[in-house]
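For reference, the chains in residue letters:
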Amino acid sequence: MPITVLRLAIPSPLARSFDYLPPAGINPAQLVPGMRLRVPFGRGQAIGILLGFSHVPAVPLDKLKPALELLDNTPVLPEELMRLLNWAVQYHHHPVGEVYATALPVLLRQGEKAEARHKSCWRLSDSGHHFDAAELDKRAPKQAALIRRLQQYPEQGLLAEQLAEVQGNWQTAMAALVKKELVHMHTAPSLEQGLGSDTQPPQLNPEQQAALDHIHQHRHSFSPCLLDGVTGSGKTEVYLRAIEQVIADGKQALVLVPEIALTPQLLDRFRRRFKLPLAVMHSAVSDRDRLNAWCYARDGEAAIVIGTRSAVFTPLKNPGIIIVDEEHDTSFKQQSGFRYSARDLAVVRGHQLNIPVVLGTATPSLESLHNVDLKRYQRLHLPQRAGEAKPPRIRLLDVRHQRMEDQLSEGLLHNIRAHLERGNQVLLFLNRRGFAPTLLCHECGWTAECRRCDAHMTLHQRLRQLRCHHCGSQRRVETQCPKCGSVDLRGLGSGTERIEQALREHFPDTPVDRIDRDSTRRQGSLEAILDAMHDGDARILIGTQMLAKGHHFPKVTLVGILDGDQGLFGIDFRAGERMAQLITQVCGRAGRAEQSGEVLIQTHHPEHPLLNLLCQQGYSAFARAALDERRLAALPPFSHMALLRAEANDAQLPNEFLEQALDAAAPFNPGPVELYGPVPSPMERRAGKYRAQLLIQCEQRAPLHKMLEGWTLALRNLPLSRKVRWSLDVDPVDLI
Ligand code: ADP
Ligand code: ZN
Ligand code: ZN
């Protein structure tokens, strides 16, 4: 009889799968790819996922060990997801075990049963509602008592512990009632239940209707579309309607949003619209609840799954549509380990499933616009704000020669005052938290640097701390210059904390609030600030990019961008695109109700062509021009990139490893692939490690991937490959 060898994916930096024999006492015919097995691994144990079988082991038979235990009766990963993961393994040239591990909820990685733990709940059936309990009083008094109690809770039904309060041994009586079909048992899901209270959604405008019609007409096929609509144009309304139709077809919707945009407001909107179970997955959801949500999605019990990046790997029983909101957001890209893009994987998954994928945004990524140009994506355009809201007027504020303290020019202060006097609210944006970007000695010029990074420490005045925003290290603020002993130490430049303080001085009678990662660390504090803005208790709000996501501030009539030049001269070729997206998103927060808004962008470069284009003609015009620049420079999306990064405690090793890698590339390079470097990373030392990188670029994707395939295998055999930490990033979103 031929032996059966199991091929398993086991989390490990090794790129290959691992071979085992079936566990003792298990008939190999029982095994299906996607099941988990516990196996001996190294000196300990590991949990692997069955990828497939082979009859020719990769190692001698006597070296093969049997797996210890089969953990599942049915695969935890359906075939469809395995296909997606196998695609990702090939595309990202990443170890299969790590890819599979990334896709599973933490508890499944640890060996937990792939079952939702839910509570059972008993509710009256239709006949039970009208049943006269007195009929049972003689023959079955226990059943009568249960019916009476349940009739007090006709809607919700009762849980086991509540029934136990009625009588001790209630189970037998209840079983009889269920048999008579007077009572149904339900599972009370630990699953969000929508209210469906919002029964009168707005009438769609013609553009929204056209977008919805397109999605509906293509609902049975892979049809990626870019829902390109300014903030407030009613994209979310289109998602809700499209989901409604999908659910009417008996299918499920998967909605991906950036972490920071998954706000209570957004969830409320879904809950109000749908009287259906929602599975929610984000970083604050406990591991148990995440596994529950995962199981409910897999079993088809959750009609809608809303989650952040890793939710793209949620199994779905009846997938009907995938929606990616804020598709331009870089948080869809995982920045460590298996560096996938959830947006791009959503499109691949939609393709494999043959269902529509909707990428929505007010500021499309240049990649997605390019895909529209190539006719890969259909553009659905919502050019106007829905309802009555008017778009804001945008102006550049030339701050050259103006008196300017703490990033607040006289011109801006004047405008803030005017808007406040009219009873309105003001939003100010600066993408830099803390009090000041660094601490400077006025006597000798010393600046506070991080001991572990090539970076300045940020001054956090209120905490009397210096913090590094790159590695997280912190220390108390020096009171004396360590170099010259002077006590004249000053914060150089401004962050949001300093501006908040300055605003309080300028406007002593006006309530000022701040939104950034420091001010919202405590649970509930973000909600409190948002509520204060909504109720009008706060009048001026200063914040970082957290402002750009999802929140609506209908009473804001003035938006001030304090540093419009941030990003104009970034080292990364995407810096300009990011800045334009941020500015546009922040602008979109203003004047959403009946009052129209005004945006002022402070700049030292009022002639800058792209900045002018953005202000005068908006994001689309900016994006067209930026795409032209990319084409001329043969940068993505007109070429494809991968970045090989290496880091080590030793300053030389990363560079040496990359030199070896460069030499090793030649035999695999079919010709057109260009390699640049190695060079030190823009921040060479971070968190105590020295870092270097090698950029790989090619105008066509196929030769690039062909080369990466052979090369990554060769890299693992390089002498230094175990002395440095290295990683390959296919389609990197930043080059640092
Ligand atoms: P986006 O997702 O593009 O920012 P939303 O869907 O959140 O836009 O819509 C912005 C606001 O306009 C919301 O308050 C929404 O209820 C409202 N709205 C959306 N579509 C319409 C419409 N067709 N008529 C009136 N109001 C609408
Ligand atoms: Zn000094
Ligand atoms: Zn640091």
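Note that the structure is predicted; figures quoted are calculated from it, not measured. (Residues numbered from 1 in each chain as written. Chains lettered and ligands numbered in written order. Predicted model: local features only at pLDDT ≥ 70, side-chain atom pairs only at ≥ 80, totals over all residues. Heavy atoms only, no water.)

Peer 1: Got a minute to help me understand the nonpolar core in this structure?
Peer 2: If you look at soluble globular proteins, the nonpolar side chains tend to sit buried side by side. Membership of the largest hydrophobic core comes to 91 residues, with the highest contact counts inside it found for L77, Y100, L256, F313 and I561. Among residues more than four places away in sequence, those in contact with F313 are L81, L84, L85, T102, A103, W294, F338, Y340, L345 and R349. With 31 residues, the next largest nonpolar core counts A211, I215, L262 and F270 among its residues. (Core = buried A, V, L, I, M, F, W, Y, C linked by side-chain atoms within 4.5 Å. Buried < 20%, exposed > 50% of the residue type's maximum accessible area, 1.4 Å probe, protein only. Contact = heavy atoms within 4.5 Å.)

Peer 1: Quick question: what am I supposed to make of the pattern of salt bridges here?
Peer 2: Working definition: two side chains of opposite charge can pair if their charged atoms are close together. Scanning all chains against the criterion turns up 38 salt bridges. In this structure, the salt-bridge partner of R241 is E237, at a minimum N-O distance of 3.2 Å. Here R241 and its partner E237 are both found in helix 9 (residues 235-248), four residues apart, which amounts to about one turn of the helix. Of the charged contacts, one joins R269 and E237 as a salt bridge, the two residues approaching to 3.8 Å between their closest N and O atoms. Highlighted residues: R269 in helix 10 (residues 264-273) and E237 in helix 9, separated in sequence by 32 residues. With a relative accessible area of 25%, R269 lands in the partly exposed category. (Salt bridge = Lys/Arg side-chain N within 4 Å of Asp/Glu carboxyl O. Helix = DSSP H or I, 4+ residues; strand = E, 2+ residues; numbered from the N terminus.)

Peer 1: What am I meant to see in the coordination of the zinc ion (ligand 2) here?
Peer 2: Donor atoms from the polypeptide that coordinate the zinc ion (ligand 2) comprise C441 (SG), C444 (SG), C481 (SG) and C484 (SG), at 2.2 to 2.4 Å from the metal. Taken together, the four donor atoms coordinating the zinc ion (ligand 2) span angles of 105 to 113 degrees at the metal, a pattern that classifies the geometry as tetrahedral. The motif formed by the donor residues of the zinc ion (ligand 2), counted along the single chain, is C-x2-C-x36-C-x2-C. On the basis of relative accessibility, which here comes to 1%, the residue C441 falls in the buried class. Judged by its relative accessible area of 31%, C444 falls in the partly exposed class. (Donors = N, O, S within 2.8 Å, 3.2 Å for Na, K, Ca; no water. Tetrahedral: all angles 85-135°; square planar, octahedral: opposite > 155°, others 65-115°.)

Peer 1: Help me understand the domain arrangement of the chain in this model?
Peer 2: When the parts come together, some accessible area is lost, and that loss is often what is quoted as the size of the interface. We note that the domain assignment places domain 1 (5-109), domain 2 (119-188), domain 3 (206-382), domain 4 (393-436 + 493-628) and domain 5 (640-730) within the chain. Taking only C-alpha atoms, the centre of domain 2 and the centre of domain 5 are 67 Å apart. (Domains from an automatic or database assignment.)

Peer 1: Is there a simple way to explain the coordination of the zinc ion (ligand 3) in this structure?
Peer 2: Angles at a metal have ideal values that depend on geometry: 109.5 degrees with four tetrahedral donors, 90 or 180 degrees with six octahedral donors. Within the protein, C450 (SG), C453 (SG), C468 (SG) and C471 (SG) serve as the donor atoms for the zinc ion (ligand 3), at 2.2 to 2.4 Å. Written as a sequence motif, the donor residues of the zinc ion (ligand 3) are C-x2-C-x14-C-x2-C. Within this pair, whereas C450 is found in the loop between strand 21 (438-441) and strand 22 (458-460), its partner C468 is found in the loop between strand 23 (465-467) and strand 24 (474-476), the two being separated by 18 residues in sequence. For the pair C450 and C468, one class covers both residues: buried.

Peer 1: What exactly am I supposed to notice about the environment of I529 here?
Peer 2: Here I529 lies in helix 16 (residues 525-535). Here the alpha-carbon distance between I529 and V347, two residues 182 residues apart in the chain, equals 36 Å. Among residues more than four places away in sequence, those in contact with I529 are D513, R514, I515, S519, T520 and L541.

Peer 1: Sorry if this is basic, but what is going on with the packing of helix 20 (residues 653-665) against helix 21 (residues 701-716) here?
Peer 2: Geometrically, a packed helix pair is captured by the angle between its two axes and the distance between the axes. Running from N to C, helix 20 and helix 21 point in directions that differ by 135 degrees, and their axes come no closer than 10 Å. Viewed along their axes, helix 20 and helix 21 adopt a mutual orientation that is oblique. Where helix 20 crosses over helix 21, the two elements pack in a sense that is right-handed. Residue-level contacts link F657, A661, A664 and A665 of helix 20 to M707, W711 and L715 of helix 21. Among the residues forming the contact of helix 20 with helix 21, the class breakdown is seven nonpolar, no polar and no charged. (Axes fitted to C-alpha atoms, helices over the stretch in contact; angles between N-to-C directions. Parallel < 35°, antiparallel > 145°, perpendicular 65-115°, else oblique. Left-handed = near helix turned anticlockwise from the far one by under 90°. Nonpolar A, V, L, I, M, F, W, Y, C, P; charged D, E, K, R; others polar.)

Peer 1: Looking at this structure, how should I read the site of ligand 1?
Peer 2: In the vicinity of ligand 1, 18 residues are found, and the nearest of them are Q203, Q208, K235, T236 and R269. Q203 places a main-chain nitrogen or oxygen 2.7 Å from a nitrogen atom of ligand 1. Separating an oxygen atom of ligand 1 from a backbone N or O atom of S233 is a distance of 3.3 Å. Against a free-state accessible area of 560 Å², the protein chains account for coverage of 74% of ligand 1. Broken down by element, the residue count for the shell around ligand 1 peaks at three residues, all from helix 9. (Near = heavy atom within 4 Å. Polar contact = N/O pair within 3.5 Å; in protein donor to acceptor, adjacent residues only side chain to side chain. Areas by Shrake-Rupley, 256 points an atom, 1.4 Å probe, with all protein chains shown as cover.)

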